[in-house]
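Overview (structure and organization)
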Amino acid sequence: MTGKPALVTGAGGGIGRETAGALARMGATVVVSARDVAGAQPVVDEITGSGGRAEALALDVSSLADVRRAPRLFRARQMLAEKMRTGSAPEMVAVMEGA
């Protein structure tokens, strides 16, 4: 899983939290999703505090609009991360803000 992106839904607690932590320990860059960023942020802090890579994403899986929006946001974040590693990211910021 080293260097691979992973989106974990319901990662604010329970099995989702444990899955996010396990993926991070295997080297994945984890997008920790919960109904709101406040629910995901403690897990992100735990992962990054242990040297892993993670970010929070608000995603309510009971909302069809959120479910439809999630793949686009996930891809945009991954593309932005890649562009930042290679040194050219400005065009991706617009994609994320418009999502």
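Okay, the overall build of the protein next. Of the regular secondary structure elements, the protein holds four helices and three strands. Shown N-terminal to C-terminal, the secondary structure of the protein runs as helices and strands in the order β-α-β-α-β-α-α. Sorting the 99 residues of the protein into buried and exposed places 33% on the buried side. Counting only contacts in the protein whose residues sit at least 6 apart along the sequence, the fraction spanning at least 24 positions is 41%. Accessible area for the protein stands at about 5700 Å²; split by element, carbon and sulfur atoms hold 57% of it.

For helix α2 (residues 37-49), spanning 13 residues, the distance from its first C-alpha to its last is 17 Å, which sits close to the expected 18 Å at 1.5 Å a residue. All of the buried residues along α2 are Ala40, Val43, Val44 and Ile47. Next to the buried residues of α2 lie α1 (14-25), β2 (29-34) and β3 (53-58).

Looking at the protein as a whole, the pLDDT averages 83, with 82% of positions reaching at least 70. Highest mean pLDDT in the protein belongs to α1 (96); lowest belongs to helix α4 (residues 90-98) (45). Counted against residues more than four places away or in other chains, residues 92-99, with its pLDDT under 50, gives 13 contacts.

You can see Gln78 is positioned in helix α3 (residues 64-86). Sequence separation between Gln78 and Lys4 is 74 residues; the distance between their C-alpha atoms is 9.7 Å.

Glancing now at α1. Here α1 contains 12 residues, and its C-alpha end-to-end distance of 17 Å stays within 8% of the 16 Å for a straight helix at 1.5 Å per residue. Turning to α1, its buried residues are Gly16, Ala20, Gly21, Leu23 and Ala24. Projected down its long axis, α1 shows its buried positions confined to an angular sector of 165°, all on one face. Every exposed residue of α1 that faces more than 90 degrees away from the buried side is listed here: Gly14, Ile15, Glu18 and Arg25. Buried residues in α1 make contact with β1 (5-8), β2 and α2. Directly beyond the C-terminal end of α1, a positive phi value near 100° is found at Gly27.

Criteria and cut-off values
- Residues numbered from 1 in each chain as written.
- Predicted model: local features only at pLDDT ≥ 70, side-chain atom pairs only at ≥ 80, totals over all residues.
- Heavy atoms only, no water.
- Helix = DSSP H or I, 4+ residues; strand = E, 2+ residues; numbered from the N terminus.
- Buried < 20%, exposed > 50% of the residue type's maximum accessible area, 1.4 Å probe, protein only.
- Contact = heavy atoms within 4.5 Å.
- Areas by Shrake-Rupley, 256 points an atom, 1.4 Å probe, with all protein chains shown as cover.
- Expected span 1.5 Å × (residues − 1).
- pLDDT = per-residue confidence, 0-100.
- Arc of directions from axis to C-beta.

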